[in-house]
Amino acid sequence: MLPALFERFGLNQLWPTGGFPGGVHPPEHKITADSPIIELPLPPQLILPLKQHIGEICAPLVEVGQHVLRGQKIAKSQGYVSASVHAPTSGTVVGVQDHAVPHPSGMGRPCLMIEPDGEDRPDESRAPISDYRNEDPALIRERIRMSGIVGLGGAVFPTFIKMLRDQRHPVQTVILNGAECEPYLTCDHRLMLEHAHDVLRGMDVIMHAVNAQNGVVAIEDNKPDAIAVMRGAIEAAGMDNVEVRTLPTRYPQGGEKQLIQTITGKQVPEGRLPLHVGVLCQNVGTAKAIHDAVCLGVPLIKRVVTISGDAVPNPANVCVRIGTPIPFVLAQCGLEDLNDVRLIHGGPMMGERLPRTHVPLVKSTNGILAFHRQSLYSEQAVEEPCIRCGHCVEVCPAGLVPNELAWHCRNDQFDRGQDYNLFDCIECGCCSYVCPSHIPLVHYFRYAKGQVAKIEKERAFAELSKARSEARDNRLAREQAERAARRSKVRKQHAPAADKAAKTAEKKTDEGKTGEGKTEAVKKEGDKA
Amino acid sequence: MTLLISSPHAHGGDSIRANMLAVILALLPAAGVAVYLFGWLALFLIVLCMLACMATEWGCLKLMKRPTDRIGDGSAALTGLLLALTLPAAVPWWMALIGCVAAIVLAKQVYGGLGHNPFNPALAARVVLLISFPLHMTSWLMPMHAPMLIAIPPLNLYDFSTCWQLFWFGPEALGKGLDAITMASPLGHVKTEWSRGIGAIEALRNYDYSYLDAFLGREAGSLGETSALALLLGGIYLLARHTITWHIPLSFIATVYVLAALFNAVNPEHFAPPLFHVLAGGLVLGAFFMATDPVSSPVTPRGQLIFGIGCGILTWSIRTFGGYPEGVMFSILLMNCAVPLIDHYFRPRVYGK
Amino acid sequence: MNILMAILTLGGMALIAGIVLAVASRAFHVEGDPMVDKIDAVLPQTQCGQCGYPGCVPYATAVASGEADVNLCVPGGERSMLAIADLMGVPPKEVEEEAAVPMLAFVREDECIGCTLCIKACPVDAIIGAPKQYHTVIEDHCTGCTLCVEPCPVDCIDMVEKEQVLEEWTWAAPGKRPSVPQTLHKDEENHAASTV
Ligand code: SF4
Ligand code: SF4
């Protein structure tokens, strides 16, 4: 009650107590909250991008024509920050090629194509670690790394890296993020309802791996059933050091930094990690995936996705193999004709519009929303001048001044933009959401961030080119000086005899500036003489 | 081809138009009180100003080849209404018209239109009028139903033809001078009495001042500023609707109150009591409807508090030490100048910094 | 008399202000950073010579001495021009030539005769090879300056467009056309067609 009042009158902007500053409360539209998770059939073809995570792209381990088993590793991570890819089912690799992936650019990435054989035979080489409590945490982390697990809340950062132990910053609290503050999305909600036990086991694995003393399951108060189920499951499992925390429903409650502030009252200092305030945050879906990987030996090959939006006849929560083409998934929910439909990959606040439909569902897909063209706000909005109402400042959870920031970004004053903390924007979209002038603020920030990165890169390249160009000039000058020095030396030592030879050499050098070798030869001649 | 659109794909449904209409709606009680007190004159002025502002805005947009449907955002109509509510009832039509043109052209469109004006257009226009027509702008018509007026028989402002003549041709058409039908406002009265060496308490006593009348609005003043009650109703509506935030009104009024209370405590005979300051003149109107004008006030919450405090200090100082009896308008305009600075130095705390 | 007083007062004030200004400009005089370096720093270092000078530093020198215009750098485009104009304190000028899409040199290796002429032409040493052996361009170092194309006796060097990769894609400004690849499926086109 009190936090809500605080929020209502913008007090949390002035004195952030407890919850994070700002935030909005969009209509929830959780139409699929009561639809049980349904398992979808196998599609005729699976498309597996070699990069579905933050970090380095993977290298394929299989060749075209090769038969693979379900769960077999088909692309291995390269570099440290990376996550390998596994075959979602048994079948034949039919191609390695560029294919469009879910990305706002509509561009392609190298993908592995697999044609399922329908038998779905598993690769049984990975044994479950059932007694994980007595296992070395390093081994558990390795298992998580080998299983290609990334943050399934949407950030897709390789999970094992977050679980590294740092002696200086021990993790005290593991937070299980079940806030699911995005409208429409219900996949985490359903996971908690239907797989409470697995989720909690996954959390226990994490807590064991990082040696955390206590755990918090964070759920927004718009999911009372999930709160009750999780409480029951915790009691049944006898985990006394884990508690369920009810959070006020407010977007972006599920943002990692915001969640940490709500739970611990502390902000993650700039440039630091949650680790530095003794916290590790994992999404509910990730916990389930960790459970599967450790306790069942199954790598990350499928996930739960919410299919919703006003263009979908039968909205549902579905459990899908990763790599399933999105049109196939939508067709299973009754949406066949994608003309005049707009697809959003993720939730309406932070999800991206997909310019292409023929893309696979990937590890980061927590929802696919299909809207009629007319009902998608972002298509209709007409930008008007900013009336400086300050609503955007009020709701910004990062404490920015979006209207000023957008002003600088629009005028390509990126230095001023950075003064206004451009890179602290988490692109949550609260500011655009409340703006009465319909200014696409987030779009401006994304544009500016891209431009800054581009300018930075160009500058680095220019510096490199300059260095190379200078090195070349120096080299040419040096060579010339050396040649001249050698020539005069030869002349001095063998003045009469080598006179003729030197002249020939000079002529030759003039002819085709390949001089160096030839001068060498002349020198030898001179030495002999 | 595609124009790519970034997230978010949802919107809260707020719009400029909705905001402007909300403010207009919130001003309706005050406008109603104006009509109750000043009869047809109030109605004439309000209608004239709203229409004139919209027409001027339309003309400007047309001249500058901007889309003229911008007129639909309601900002010009709001400026007109606000301007009308700050005018004394006895100004003739052409004066009001000049004010409207000044508001839209001088104070708004020359800066680039909606969103770019550094000053509140209605207030800027009022200053133009005050400087150009000081006598008319400080002569307050005797309102209807004001209890302290028994001495002089007031004009019947509910009579259409009387009002029409007054509005159209000025008081001379009624065979009277301006000073025969006008009186001093409480603030003006206190100021004159001070200059004669009489303290505020004494001055109020001989003015027959009552807090209740001031709260309900039964006193002399500009059309819309007299009734604190009606203005509060509108202000609360705006706060509840989240069109404005509490920062500016609260800090503005509280500052005036605290300053007045301090000085009144030191010398109760000379300085006017705090409640008088809050209810008098245009403070409530200014704090809820003028200082909160989004375009010309700071955007950050802390900045808004500073802005309100600054307005409060200036208002009280001008009322107490300045040459004009009323300081709300000048203080808001002065603080408007400081907005870029305030916005720059009072940004919110960035997460994690 | 009054007028005289006014004139004297004003004149005196002007004189004092003038002296203060003069002293201040002496006292706070900052030695200007070498302009050439500053200008060079905002040039793209393509070393292409399209400005008519044999490289970026020579052009920067020419601009700093007032000899060259600020709008001659083609690869730098508007951004470089604005930065230079700002540094020089002169009004910006239109950049006449549009900067082309970023290009890379590509040696068709089966035609290369290994003459090393292109190696010598490259201002940033981005071509490797030895006499009588195929040469090739180091993609990461090529500035796309086209200086190697001319010297090749068998015309085996092409300028190809730099491939756009997803990692380097950035958002276009709102309302601007983004660079979306054109190979959409039929129904995808409908899907993507925007009302705007
Ligand atoms: S998108 Fe960025 S600027 Fe806008 S509210 Fe979120 S964090 Fe603040
Ligand atoms: S919400 Fe929109 S109109 Fe209001 S200040 Fe922010 S950008 Fe401007």
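Quick caveat, the model's predicted, so the values are computed rather than measured.

Q: What is the right way to read the overall build of chain A from this model?
A: In terms of helices and strands, chain A carries 18 helices and 17 strands. Here chain A holds 529 residues, and 57% of them are scored as buried. Considering only residue pairs separated by 6 or more positions, chain A has 71% of its internal contacts joining residues 24 or more positions apart.

Q: Explain the interface of chain A and chain B here, please?
A: It is common to report an interface's size as the accessible area lost on association of the parts. On the side of chain B, 45 residues touch chain A, which itself brings 58 residues to the contact. Regarding the contact of chain A and chain B, the summed buried area is about 4600 Å², with carbon and sulfur atoms giving 58% of it. Between Lys 353 of chain B and Asp 424 of chain A there is a salt bridge; the shortest N-O distance is 2.9 Å. Linking chain A with chain B are 26 residue pairs in polar contact (both at pLDDT 80 or more).

Q: In this structure, what is going on with the site of ligand 2? I would like to understand it.
A: Close to ligand 2 lie Cys 386, Ile 387, Arg 388, Cys 389, Gly 390, Cys 392, Asn 403, Cys 435, Pro 436, Ser 437, Ile 439 and Leu 441 of chain A, which account for all nearby residues. Grouping the amino acids of the shell around ligand 2 by side-chain chemistry returns eight nonpolar, three polar and one charged.

Q: What am I meant to see in the sheet that holds strand E13 (residues 302-308) of chain A here?
A: Hydrogen bonding along the main chain pairs the strands of a sheet, whether they run parallel or antiparallel. All names here are of chain A. What the six strands build is an open sheet, ordered E1-E14-E13-E17-E15-E16; its pairing is mixed. Strands with a single pairing partner mark the edges of an open sheet, and in this sheet they are strand E1 (37-39) and strand E16 (352-353). As paired elements, E13 and strand E17 (residues 367-372) share three bridges and run parallel to each other. Note on E17: the bridge partner recorded for Ser 308 is Leu 369.

Q: Whenever I open this one, the site of ligand 1 confuses me. Can you help?
A: Residue and element names in this part refer to chain A. Near ligand 1 you find 14 residues, and of these Cys 396, Cys 425, Cys 428, Gly 429 and Cys 431 are the closest. At the level of elements, helix H15 (430-434) and helix H16 (441-493) are the ones that each hand at least two residues to the shell around ligand 1. Tallied by class, residues from the shell around ligand 1 come to 12 nonpolar, one polar and one charged.

Q: I keep staring at the nonpolar core and nothing clicks. Help me out?
A: If you look at soluble globular proteins, the nonpolar side chains tend to sit buried side by side. Leu 27, Leu 41, Leu 87, Leu 141, Phe 252 and Phe 289 of chain B are the most contacted members of the largest nonpolar core, which totals 110 residues. If you tally residues by element for this core, the top one is helix H1 (residues 16-63) of chain B, at 23 residues. Within the second largest apolar cluster, 65 residues are counted, among which are Cys 58, Ile 114, Met 192 and Ile 322 of chain A.

Q: When you look at the sheet that holds strand E3 (residues 59-60) of chain A in this model, what are you seeing that I'm missing?
A: Residue and element names in this part refer to chain A. With antiparallel pairing, the three strands of this open sheet are ordered in space as E3-E5-E6. Each having just a single partner strand, E3 and strand E6 (85-86) make up the two edges of the open sheet. Of the pairings in the sheet, the one linking strand E5 (residues 73-76) to E6 comprises two bridges and is antiparallel in character. Within E6, the position partnered with Ala 75 by the bridge is Val 85.

Q: Would you mind showing me how to read the pattern of salt bridges here?
A: Side chains that carry opposite charge are capable of pairing whenever their charged atoms lie near each other. Residues and elements named next belong to chain A. The full count for this structure, using the stated rule, is 40 salt bridges over all chains. For the salt bridge of Glu 456 with Arg 459, the shortest nitrogen-to-oxygen distance reads 2.8 Å. Of this pair, Glu 456 and Arg 459 are both found in helix H16, three residues apart, which corresponds to roughly one turn of the helix. Assessed through its relative accessible area of 37%, Arg 459 is described here as partly exposed. Residue Arg 475 pairs with Glu 479 through a salt bridge whose shortest N-O separation is 3.4 Å. You can see Arg 475 and its partner Glu 479 sitting in helix H16, four residues apart, about one turn around the helix. For Glu 479, a relative accessible area of 22% translates into the label partly exposed. Taken together, the salt bridges that share partners define one network made up of Glu 352, Glu 427, Arg 446 and Lys 449.

Q: Looking at this structure, I do not really get the pairing of E13 of chain A. What am I missing?
A: Successive side chains on a regular strand alternate, one facing one side of the sheet and the next facing the other. Residues and elements named next belong to chain A. Of all seven residues that make up E13, six are buried, and the element is covered over most of its length. Where E13 meets strand E14 (residues 316-321), six bridges bridge the pair, whose relative direction is antiparallel. When the bridges of E14 are listed, Lys 302 appears paired with Arg 321.

Each value, and the rule that gives it
- Within every chain, residues take consecutive numbers counted from 1 along the sequence as written.
- Here chains are named by letter from A upward and ligands by number from 1 upward, in the order in which they appear as written.
- Note on the predicted model: pLDDT of at least 70 is required for a residue's local features to be given, and 80 or more for side-chain atom pairs to be given and counted; whole-chain, interface and lining totals, by contrast, use all residues.
- Water and hydrogen atoms were dropped before computing side-chain values, which therefore reflect all heavy atoms in the structure.
- Working definition: helices are DSSP H or I runs of at least four residues, strands are E runs of at least two. Numbering for both runs from the N terminus.
- Partly exposed residues are those whose accessible area sits between 20% and 50% of the maximum for their type, while under 20% is buried and over 50% is exposed, using a 1.4 Å probe and protein chains only.
- Note on contacts: a residue pair qualifies if any of its non-hydrogen atoms lie within 4.5 Å across the two residues.
- Note on terms: buried area is the combined drop in 1.4 Å-probe accessible area of two parts once they are placed together, counting the loss on both.
- For this analysis, a salt bridge means a side-chain nitrogen from Lys or Arg found within 4 Å of a carboxyl oxygen belonging to Asp or Glu.
- N or O atoms within 3.5 Å of each other form a polar contact, as long as, within protein, one can give a hydrogen and the other can take it, and as long as residues adjacent in sequence are counted only when both atoms are side-chain atoms.
- In this text, near means that some heavy atom of the residue lies within 4 Å of the molecule or strand in question.
- Polarity classes work like this: nonpolar for Ala, Val, Leu, Ile, Met, Phe, Trp, Tyr, Cys and Pro, charged for Asp, Glu, Lys and Arg, and polar for all others, with Gly in that last group.
- Strands qualify as paired when DSSP identifies two bridges or more between them.
- Residues belong to one nonpolar core when they are buried, are Ala, Val, Leu, Ile, Met, Phe, Trp, Tyr or Cys, and are joined through side-chain atoms within 4.5 Å.

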